[in-house]
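Read off the chains here:
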Amino acid sequence: TIIQGEPVRPIKILGADQSFMSSILPAGKRAVATTIAADTSAGGFILPDDYVDVIMTTRDQNSNSFTTETILANIRVLAIDQTIREDENGQLVQVGQTATLELTPNQTKIISAAQQMADRLTLALRSIKDIEAGRSEPSADHLISGGSRGGTISLIKNGEKTQVLSK
């Protein structure tokens, strides 16, 4: 950002060998994309610089029940891809299908595992009054550590998740 009257300095300009996304990413953070739809992203109202919680939903094939878990909280949205198309009435509609999130290296592992395990990932928009800079609880480290809650271990084999009782 350059404000009116501010001198244009080299630090404010991207070079030919730099990209926008990597230049706005804070040190130690990673940009990770996840698939979204209107029904999994607050009806399409999530925009760059909003903060979200990432909720994972899985289905237990044996009991046909669902489990939901907030795996990441207070996560900054870096970008939403948007394409413009005409709907049946000839009006232009913006549709986002991917959200790019600002994550720590450990959080990138968590969301990568969740993308493989989950039946659905949902982004829940946080109120601007609930945003706490630098704070991102809870953590779902059990998704990447091989352990799980409740005395079970989640195994993923050929894309299929199964629960095994641990000893």
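Along each chain, the written sequence defines residue order, and numbers are assigned to residues from 1. In keeping with the model being predicted, local features are shown solely for residues with a pLDDT of at least 70 and side-chain atom pairs are shown and tallied solely at 80 or more, while totals for entire chains, interfaces and linings include all residues. Side-chain calculation: all heavy atoms of the structure are included, whereas hydrogens and water are not.

A closer look at the sheet that holds strand β1 (residues 30-35)
Going by this rule: Any two strands are treated as partners once DSSP identifies two or more bridges connecting them. Runs of H or I in DSSP of at least four residues are treated as helices and runs of E of at least two as strands, each being numbered from the N terminus. The convention used is that axes are lines fitted to C-alpha atoms, helices contributing only their stretch in contact, and that angles between N-to-C directions extend from 0 to 180 degrees. Residue contacts are counted whenever heavy atoms from the two residues lie within 4.5 Å of one another.
Taken in spatial order, the five strands make up an open sheet running β1-β6-β3-β2-β7, and their pairing is antiparallel. With one partner strand each, in any of the chains shown, β1 and β7 (120-125) form the two edges of the open sheet. Neighbouring strand axes in the sheet, compared pairwise and without regard to direction, differ in orientation by 45° on average. When strand β2 (residues 51-60) meets strand β3 (residues 65-80), the two strands line up antiparallel, connected through nine bridges. Looking across to β3, one finds that Met 56 is bridged to Glu 69. Those strands touched by helix α2 (residues 105-117) are β1, β2, β3, β6 (98-103) and β7, and its axis lies near 15° from that of β1.

Topic: the pairing of β2
Note the cut-off: Per-residue accessibility, obtained with a 1.4 Å probe over protein chains only, is compared with the maximum for each type, and a residue is labelled buried under 20%, exposed over 50%, and partly exposed between these values.
The element β2 is extensively covered by neighbouring structure, given that seven of its 10 residues are classed as buried. Where β2 folds back onto β3 in an antiparallel hairpin, the turn is made up of four residues, including Asn 64, whose phi is positive at roughly 60°. Here β2 runs beside β7; their pairing, made up of six bridges, is antiparallel. From the neighbouring strand, Thr 57 faces β7, where its bridge partner is Arg 120.

Some details on the pattern of salt bridges
Heads up, the rule is: One side-chain nitrogen of Lys or Arg within 4 Å of one carboxyl oxygen of Asp or Glu is enough to make a salt bridge.
Tallying each qualifying case throughout the model produces three salt bridges. With a shortest N-O distance of 2.7 Å, Asp 53 and Arg 126 are connected by a salt bridge. Of this pair, Asp 53 sits in strand β2 while Arg 126 sits in the loop between β7 and β8 (152-157), and the two are 73 residues apart along the sequence. The class of Asp 53 is buried, set by a relative accessible area of 17%. By relative accessible area, Arg 126 is classed as buried at 19%. Salt-bridge contacts for Arg 76 lead to Glu 102; the nearest nitrogen and oxygen are separated by 2.7 Å.

Digging into the nonpolar core
Quick note on the threshold: In plain words, nonpolar cores are sets of buried Ala, Val, Leu, Ile, Met, Phe, Trp, Tyr and Cys residues tied together by side-chain atoms within 4.5 Å.
Among the nonpolar cores identified, the biggest contains 24 residues, and Ile 71, Leu 101 and Leu 143 are the most heavily contacted of them. Where this core is concerned, the elements lending two or more residues are β2, β3, β6, α2 and β7. Those residues in contact with Leu 101 that lie beyond four places of it in its chain are Arg 30, Ala 31, Val 32, Thr 34, Val 52, Val 54, Ile 75, Arg 76, Val 77, Leu 78, Ile 111 and Leu 123.

By themselves, these figures tell us nothing about what the structure is for.
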